[in-house]
Amino acid sequence: MRIGMALKYSEGFKEAVEELADFEKAGLDIVYVAEAYSFDAVSQMGYIAAKTERVEIASGILNIYSRTPTALAQTAAGLDYVSGGRFTLGIGASGPQVIEGFHGVPYTAPLGRTREIIEICRKVWGREILRHEGRYYTMPLPAGEGTGLGKPLKIINHLVRPDIPILVAAIGPKNVELTAEVANGWEPIFYLPERAADVWAASLAAGRARRDPSLGELDVVGQAPLAIGDDVQGLLEFGRPMAALYIGGMGARGKNFYNDLCRRYGWEKEAEEIQDLYLDGKKDEAAAKVPYELLEKMSLIGSEGHVRERLAAMKESGVTTLNVTPIAGDHKGRLALIEKVREMADDL
């Protein structure tokens with residue numbers, strides 16, 4: 001089981017990167033860099049590549065709307081080059097609030113676009129002369145569109161790898177099915193191992209049935225906050241505001257993927273209450289309604305024995321990479337957590 005960690009993307013980014021060398025030595029396998037509507041992740045990942053030697057670097061995630069498919073392919077190829085073959089292209093649809101509100105692009109056809117983007121990226125990385133006639137993307141532009149001067153091209157550079165891994169963030173049934181069919185990795189949010197099969201098993205099976213064997217096994221990335229000790233249980237409460245934000249506020253009624261996931265996990269009543277309270281501006285009350293079991297089961301917070309049990313549950317459910325958020329008061333404490341979880345994962 002690989003151990004990964006998300007890097008903060010706001011204040012303290014450079015300082016966090018300076019600490020990455022220590023995490024590399026402690027056994028960290030991969031670092032994820034978010035973009036959201038903050039600084040772009042690409043410049044930050046290039047900085048990380050220059051400051052590290054071994055750790056893999058993944059976008060977590062680049063949305064599929066604000067860059068053309070070819071720009072995503074170029075970006076991945078460039079980051080794989082400057083990192084010496086250590087890059088993973090993490091992509092996802094994001095949501096209408098960010099895509100239409102921040103980027104001013106219609107949030108349409110996330111499934112179809114994701115499939116075509118993956119196809120186009122792999123054509124570019126294979127140094128094919130790029131021709132693509134899809135429902136959503138056409139290269140070159142057809143007659144009657146643009147100037148008519150577009151011509152089929154292939155990327156100039158010889159790549160470090162023609163098979164850069166593609167990770168897709170997905171939680172909806174059809175999106176998960178697509179991911180299991182065509183991607184190298186899958187990253188769901190709010191991963192709860194005991195209920196994952198009830199929610200996603202059918203989608204994963206359907207996708208894997210059409211999967212090209214050359215892609216290898218699907219890397220399943222489970223996210224979890226991490227704290228180990230006999231007096232850390234209270235840290236679970238720090239997860240409430242974030243869970244309430246996603247379940248209650250990341251989307252309108254009927255258009256909130258995280259709220260839908262909470263319902264599919266079996267907390268229909270709680271999901272509705274959280275959303276109603278959050279959208280009414282009652283954020284603290286919404287956070288109080290987040291089920292404790294959800295906070296507990298998707299976390300690695302507790303005694304060493306408890307964390308070992310949760311790690312085993314993650315592995316048993318199919319997780320192959322853990323994306324953890326170590327919770328400690330200083331760098332030394334966070335480093336010790338990564339060392340310990342690396343050791344515990346190796347013992348499984």
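Thresholds applied
Residues numbered from 1 in each chain as written. Predicted model: local features only at pLDDT ≥ 70, side-chain atom pairs only at ≥ 80, totals over all residues. Heavy atoms only, no water. Helix = DSSP H or I, 4+ residues; strand = E, 2+ residues; numbered from the N terminus. Buried < 20%, exposed > 50% of the residue type's maximum accessible area, 1.4 Å probe, protein only. Polar contact = N/O pair within 3.5 Å; in protein donor to acceptor, adjacent residues only side chain to side chain. Contact = heavy atoms within 4.5 Å. Pairing = 2+ DSSP bridges. Expected span 1.5 Å × (residues − 1). Axes fitted to C-alpha atoms, helices over the stretch in contact; angles between N-to-C directions. Parallel < 35°, antiparallel > 145°, perpendicular 65-115°, else oblique. Left-handed = near helix turned anticlockwise from the far one by under 90°. Nonpolar A, V, L, I, M, F, W, Y, C, P; charged D, E, K, R; others polar. Phe/Tyr/Trp six-rings, centres within 6.5 Å; stacked < 30°, edge-to-face > 60°.

S.K.: Help me get a handle on the side chain of Thr52, residues and values and all.
M.R.: Mapped onto the elements, Thr52 comes out in the loop between helix H2 (41-51) and strand E3 (56-59). On the basis of relative accessible area, Thr52 is assigned to the buried category, the value being 7%. A polar contact is formed between the side chain of Thr52 and the backbone oxygen of Ile48, at a distance of 2.8 Å. In this structure the side chain of Thr52 is engaged in a polar contact, spanning 2.9 Å, whose partner is the side chain of Arg86. For Thr52, the residues in contact, after removing those within four places along its chain, are Leu20, Glu24, Ile57 and Arg86.

S.K.: Explain the pairing of strand E1 (residues 2-7) residue by residue, including any values.
M.R.: The side chains of a regular strand alternate, residue by residue, between the two faces of the sheet. Examined bridge by bridge, E1 and strand E12 (residues 321-326) share four bridges and lie parallel to one another. For Ile3, the partnering residue across the bridge sits in E12 and is Leu322. Bridging between E1 and strand E2 (residues 30-33) involves four bridges; their strand directions are parallel. Looking across to E2, one finds that Ala6 is bridged to Tyr32.

S.K.: Please give an account of helix H14 (residues 331-347) that cites residues and values.
M.R.: If you check H14, its first and last C-alpha atoms are 25 Å apart, about what 17 residues at 1.5 Å a residue would give, namely 24 Å. Where H14 is buried, its residues contact E1, helix H1 (13-26), strand E10 (219-228), helix H13 (304-317) and E12.

S.K.: How would you sum up the packing of H1 against H14? Please name residues and give values.
M.R.: It is the contact of H1 with H14, at a shortest axis distance of 9 Å, that shows an interaxial angle of 25°. One element, H1, and the other, H14, form an angle in the roughly parallel class. For the element pair H1 and H14, the recorded crossing hand is right-handed. Along its contact with H1, which presents Glu19, Asp22, Phe23 and Ala26, the element H14 presents His331, Arg334, Leu335, Ile338, Glu339 and Arg342. Among the residues forming the contact of H1 with H14, the class breakdown is four nonpolar, one polar and five charged.

S.K.: Explain the packing of aromatic side chains residue by residue, including any values.
M.R.: Summed over the entire model, instances satisfying the criterion amount to 10 aromatic pairs. Relative to Phe102, the ring of Tyr37 lies with its centre 5.9 Å away and its plane at 55°, an arrangement referred to as tilted. Taken together, the residues Tyr37 in the loop between E2 and H2 and Phe102 in the loop between helix H4 (96-101) and helix H5 (110-125) connect sequence positions 65 residues apart. The exposure class of Tyr37 is exposed, given its relative accessible area of 54%. Taken together, a centroid distance of 6.1 Å and an interplanar angle of 5° make the contact between Tyr191 and Trp200 stacked. By relative accessible area, which is 2% here, Tyr191 ends up buried.

S.K.: Describe H5, with residues and values.
M.R.: Given 3.6 residues per helical turn, the α-helix brings residues three or four places apart onto the same face. An ideal rise of 1.5 Å per residue puts 22 Å on 16 residues; H5 measures up with 22 Å between its terminal C-alpha atoms. Among all positions in H5, only Arg113, Thr114, Glu116, Ile117, Ile118, Ile120, Cys121, Val124 and Trp125 are buried. Check the buried side of H5 and you find it contacts helix H3 (69-82), strand E5 (87-92), strand E6 (132-133), strand E7 (138-139), strand E8 (166-169) and helix H6 (173-182). In the segment just after H5, Arg127 is the residue with positive phi, at about 60°.

S.K.: So, the pairing of E8: which residues are in play, and what are the values?
M.R.: The pairing of E5 with E8 spans four bridges and is parallel. Looking across to E8, one finds that Gly92 is bridged to Ala169. Two strands pair when backbone bridges link them, and E8 and strand E9 (residues 185-187) are joined in this way by three bridges, in the parallel orientation. Counterpart to Leu167 in the pairing with E9 is Gly185.

S.K.: How would you sum up the packing of helix H9 (residues 257-264) against helix H10 (residues 268-279)? Please name residues and give values.
M.R.: Two numbers describe how H9 lies on H10: the axes approach to 7 Å, and their chain directions differ by 150°. Comparing the axis directions of H9 and H10 gives the class roughly antiparallel. Our pair here, H9 against H10, has a crossing hand that is right-handed. Between H9 and H10, the contacting residues are Asn259, Cys262 and Arg263 on the first element and Glu268, Ala271, Glu272 and Gln275 on the second. Counted by class, the contact of H9 with H10 contains two nonpolar, two polar and three charged residues.

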